[in-house]
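Report on the structure
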Amino acid sequence: MSDSKKWALDRLAEANIIFEPNEVSWKGQLRDLIVWALELALITYLAQRFFS
């Protein structure tokens, strides 16, 4: 296997890792929740402005 193919497969394996809740700090989870809530609020606001 060539070095570039091995490198690409290694990067793909890293990208496919799914983090369990206990593997991410509570601060990280809180940050992600706040970002998600802000995104949801923005999408809702834009949808209301666009469709009403």
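Note that the structure is a prediction, hence the values are computed from the model and not measured.

What follows is about the packing of aromatic side chains. Inspection of every chain in the model, using the stated rule, returns one aromatic pair. Summarising the aromatic geometry, the rings of phenylalanine 50 and phenylalanine 51 are spaced 4.8 Å apart at their centres and angled 85° between planes, so their arrangement reads as edge-to-face. Neither residue differs from the other here; phenylalanine 50 and phenylalanine 51 are each classed as exposed.

Next up on the list: the pattern of salt bridges. Summed over all chains, the structure comprises two salt bridges. Note that aspartate 32 and arginine 31 form a salt bridge whose closest N and O atoms lie 3.2 Å from each other.

Cut-offs used in this document
- Residues numbered from 1 in each chain as written.
- Predicted model: local features only at pLDDT ≥ 70, side-chain atom pairs only at ≥ 80, totals over all residues.
- Heavy atoms only, no water.
- Phe/Tyr/Trp six-rings, centres within 6.5 Å; stacked < 30°, edge-to-face > 60°.
- Buried < 20%, exposed > 50% of the residue type's maximum accessible area, 1.4 Å probe, protein only.
- Salt bridge = Lys/Arg side-chain N within 4 Å of Asp/Glu carboxyl O.

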